[in-house]
Amino acid sequence: MDSPTSTATSTAAVDSSTTATVDSSTSTRIVGSRSSMIDSIRGCGLSGARIDKEVLRKKLVMPEYLRRAMADAIRSKDGAEACERHHNSGELRVPEDAPQCPMVVFVNSKSGGRHGPELKERLQQLMSEEQVFDLSDVKPHEFVRYGLVCIEKMAILGDLCAKECREKMRIMVAGGDGTVGWVLGCLAELHQEGRQPAPPVGIIPLGTGNDLSRSFGWGGSFPFAWKSAIKRSLDRATAGPVCRLDSWQVVISMSEGQVVDAPYSLKATEDCQLDQDLEVEGLLAEKMACYEGVFYNYFSIGITLCYLYAIGKFVCSNHFSQRSLTFCYVPTGMDAQVAYGFHHLRNEKPYLAQGPIANKIIYSGYSCTQGWFLTPCINDPGLRGLKNVIRMHIKKVNCSEWEQIPVPKSVRAIVCLNLHNYGSGRNPWGNPTADYLEKRGFVEAHVDDGLLEIFGLKQGWHASFVMVELISAKHIAQAAAIRLEIRGGEWKDAFLQMDGEPWKQPMSREYSSFVEIRRVPHQSVMISGE
């Protein structure tokens, strides 16, 4: 049964299992409209007092000797040696005070309608060249492993300014959800190595959906009056409160020999151990190939459908498996195929991707050609949903036992949601009433509650009504851990998506593939922009 949350009573005919709650719908829309209006004003650069450039610079810029040492460490890819060189040069003997909020900014120059290079230049004017990194030149892990190590080594040698800069450092990421997830994933190394504290992260939204940015109060789009708005964003980041974000590790495993063109957020690994407490329904390959990575927004897997219009035949595809971290939502199904096609179209014809609005128009048009709206026309009911392809088990909070959850037969896309935002600020989980939550055994959703909200989307018509928030999605479960077993059969390929990075996954006709999602012990640290 779907949730009786923010729905209009006139939509009962669309999904008989979704009931309307007019009062909650009205209040939700009022709040949503108010939030959209505030975001629009902020985006246009019309809110807040004027920020003095020199005052802001003093808050952010580290002493020159630290900046040079950090840049040298990244360039030479050796933090310890760079620290020793600059220590022996005598620079450390000059006492300097640390700034109020030393800051580092990562810029994805390919995001934001190609505004990245201009934005990078503006940020370097406001701060310093050594503290602003273009991700095409300096990768986040290089900063963590070399630049940050250099500052840490200086602090160990007794440099109080370096010690204070390391402790007070904050990071801003100018990019989309995928870029933010990339940086957060690299910062996770600090938790694993005991190099605390991990710098909190703020966001300058340059992507198409920007759901992570929306969730933490940084807005949903790149501002029109961005030159003045950037100053305000940096100033807000210096004093913004810190909040926590759950992260989820995903392990994807398949029979060895499958060739995967995985995105940068997934890495092949030999450490692949399936939970032995669960019985495998299909055949298990003797040798398995595994992938792991980190994601903070979503992961997508399921059965998709495409069609050959000229021939008039339908060709079915399916989704599938690897290992990673999650922070926002995990959509499963046809959305990943659309994203995969859009991603390759954008790479092949970059001149089409001139900004979020153009991207959304292309994305919407592309989705209409990928079979979302054609499922009811298929003769074989077995090709319409995930029920015959995926077997799902979950673990609830404080429970060590796996519980099998039936996949609704009508569902073609499964989404595991961690944030309240999905698909450019939509809330498909809705705002369930207290009575409904109690009846289903659910709790109110939060980004740091250790739970993923799992819901389903049916054919394109249902997804369309969900995305305009006329109805809520098909609620399936809330889970602290998820295990999916996928059987290929007639479906040779799967389309997966993680933090906006889609890829095509081959599937075995003989052996099962697996996806396991578990919460990692540490949480990411975010800066609230509100």
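Residues numbered from 1 in each chain as written. Predicted model: local features only at pLDDT ≥ 70, side-chain atom pairs only at ≥ 80, totals over all residues. Heavy atoms only, no water.

As named in an unreviewed UniProt entry, the protein is Diacylglycerol kinase, taken from Linum tenue. Listed in UniProt under the heading Sequence similarities (unreviewed entry), the comment for the protein reads: "Belongs to the eukaryotic diacylglycerol kinase family." Under Catalytic activity (unreviewed entry), UniProt gives the following word-for-word description of the protein: "a 1,2-diacyl-sn-glycerol + ATP = a 1,2-diacyl-sn-glycero-3-phosphate + ADP + H(+)". (UniProt positions renumbered as here; feature names shortened; annotations may be inferred.)

Trainee: Can you help me understand helix 6 (residues 140-156) in this one?
Mentor: Spacing of three or four residues puts side chains on the same side of an α-helix, whose turn is 3.6 residues. An ideal rise of 1.5 Å per residue puts 24 Å on 17 residues; helix 6 measures up with 23 Å between its terminal C-alpha atoms. Residue V149 marks the point of greatest curvature in helix 6, where the axis turns by about 35 degrees. Within helix 6, twelve of the 17 residues are buried, leaving the element largely enclosed by the surrounding structure. Taken together, the buried positions of helix 6 are occupied by P140, E142, F143, V144, Y146, G147, L148, V149, C150, I151, E152 and M154. (Helix = DSSP H or I, 4+ residues; strand = E, 2+ residues; numbered from the N terminus. Expected span 1.5 Å × (residues − 1). Bend = angle between axes of the 7 residues up to and from the residue. Buried < 20%, exposed > 50% of the residue type's maximum accessible area, 1.4 Å probe, protein only.)

Trainee: I tried to follow the packing of aromatic side chains on my own but got confused; where do I start?
Mentor: The geometry of an aromatic ring pair is captured by the separation of the ring centres together with the interplanar angle, meaning the angle of the planes. What the rule picks out here adds up to five aromatic pairs. Judged by centre distance (5.9 Å) and plane angle (50 degrees), the rings of F133 and F143 are tilted. Residue F133 is found in strand 2 (residues 132-134), and its partner F143 is found in helix 6; the two are separated by ten residues along the sequence. A ring pair is formed by Y422 and F455, whose centres lie 6.0 Å apart and whose planes are at 85 degrees; its orientation type is edge-to-face. With Y422 in the loop between strand 16 (413-417) and helix 13 (434-440) and F455 in strand 17 (residues 452-457), this pair connects stretches of sequence that are 33 residues apart. In this structure, Y422 and F455 share a single accessibility class: buried. Grouped by ring-pair contacts, the aromatic residues F106, F133 and F143 constitute a single cluster. (Phe/Tyr/Trp six-rings, centres within 6.5 Å; stacked < 30°, edge-to-face > 60°.)

Trainee: Mind showing me how you'd approach the confidence of the model for the protein here?
Mentor: Residues shown with low pLDDT carry predicted positions that ought not to be read at fine detail. Within the protein, residue pLDDT values average 77, and 72% of them lie at 70 or more. When mean pLDDT is taken per element in the protein, strand 1 (residues 103-107) scores highest with 97 and strand 11 (residues 313-317) scores lowest with 31. Within the model, pLDDT remains below 50 along residues 304-324, and this stretch shows 117 contacts once partners closer than five positions in the same chain are excluded. Taken as a whole, residues 328-334 scores under 50 in pLDDT and shows 65 contacts with residues more than four places along the chain or in a different chain. (pLDDT = per-residue confidence, 0-100. Contact = heavy atoms within 4.5 Å.)

Trainee: Help me out: how do you make sense of the pairing of strand 17 in this one?
Mentor: It is a general feature of regular strands that their side chains alternate between the two faces of the sheet. In terms of burial, strand 17 is a largely internal element, six of the six residues being buried. Side chains L452, I454 and G456 of strand 17 all project onto a buried face; the interleaved residues E453, F455 and L457 project onto the opposite face, where all are buried too. Judged from the five bridges that link them, strand 16 and strand 17 form a sheet pairing that is antiparallel. Within the sheet, the bridge partner assigned to A413 lies in strand 17 and is L457. (Pairing = 2+ DSSP bridges.)

Trainee: Just checking my understanding: could you explain the packing of helix 6 against helix 7 (residues 160-168) for this structure?
Mentor: Helix-helix packing is described using two parameters, namely the angle between the two axes and the distance between the axes. Viewed as axis vectors pointing N to C, helix 6 and helix 7 meet at an angle of 135 degrees, and their least axial separation amounts to 7 Å. Taken as axis vectors, helix 6 and helix 7 run oblique relative to one another. Helix 7 is crossed by helix 6, and the crossing has left-handed handedness. For the pair helix 6 and helix 7, contact is made by L148, I151, E152, M154 and A155 and by A162, K163 and R166, respectively. Here the residues of the contact of helix 6 with helix 7 are counted per class, giving five nonpolar, no polar and three charged. (Axes fitted to C-alpha atoms, helices over the stretch in contact; angles between N-to-C directions. Parallel < 35°, antiparallel > 145°, perpendicular 65-115°, else oblique. Left-handed = near helix turned anticlockwise from the far one by under 90°. Nonpolar A, V, L, I, M, F, W, Y, C, P; charged D, E, K, R; others polar.)

Trainee: Is there a simple way to think about the sheet that holds strand 9 (residues 299-300) in this case?
Mentor: Paired through their backbone hydrogen bonds, the strands of a sheet run either parallel or antiparallel. Overall, antiparallel pairing links the three strands, which are arranged 9-20-21 in an open sheet. The open sheet terminates on both sides in strands that have one partner only, identified here as strand 9 and strand 21 (501-506). When strand 9 meets strand 20 (residues 493-498), the two strands line up antiparallel, connected through two bridges. By the bridge assignment for strand 20, F299 is matched with M498.

Trainee: Is there a simple way to explain the nonpolar core in this structure?
Mentor: Buried together is how nonpolar side chains tend to be arranged in soluble globular proteins. Core analysis: the biggest nonpolar cluster contains 69 residues, and M103, L119, M127, F143, I171 and L234 have the highest contact counts within it. With near-sequence residues (within four places) excluded, L234 lies in contact with L56, L60, M103, V105, L123, L126, M127 and M172. Core analysis: the second largest hydrophobic core is formed by 36 residues, V260, F299, I394 and I482 among them. (Core = buried A, V, L, I, M, F, W, Y, C linked by side-chain atoms within 4.5 Å.)

Trainee: I tried to follow the packing of helix 5 (residues 116-126) against helix 10 (residues 226-239) on my own but got confused; where do I start?
Mentor: At their nearest, the axes of helix 5 and helix 10 sit 11 Å apart, and the two run at 50 degrees to each other. Regarding the angle of helix 5 to helix 10, the classification is oblique. The chirality of how helix 5 crosses helix 10 is right-handed. Where helix 5 approaches helix 10, its residues E118, L119, R122, L123 and L126 are matched on the opposing element by W226, K227, I230, K231 and L234. In terms of residue class, the contact of helix 5 with helix 10 is built from six nonpolar, no polar and four charged.

Trainee: Sorry if this is basic, but what is going on with unusual backbone geometry here?
Mentor: A negative phi angle characterises most non-glycine residues, just as the trans form characterises most peptide bonds. Residues Q196 and P197 are joined by a peptide bond in cis, for which omega reads -5 degrees. Secondary-structure assignment places P197 in the loop between helix 8 (177-192) and strand 4 (201-205). Of note in the backbone geometry, N210 takes a positive phi value of approximately 55 degrees without being a glycine. With respect to the secondary-structure elements, N210 resides in the loop between strand 4 and helix 9 (211-215).

Trainee: Any chance you could explain the side chain of S233 here in plain terms?
Mentor: Looking at where S233 falls in the secondary structure, it is placed in helix 10. A relative accessible area of 11% means that S233 is categorised as buried. Leave out the neighbours within four places in its chain, and S233 touches M172 and W218.

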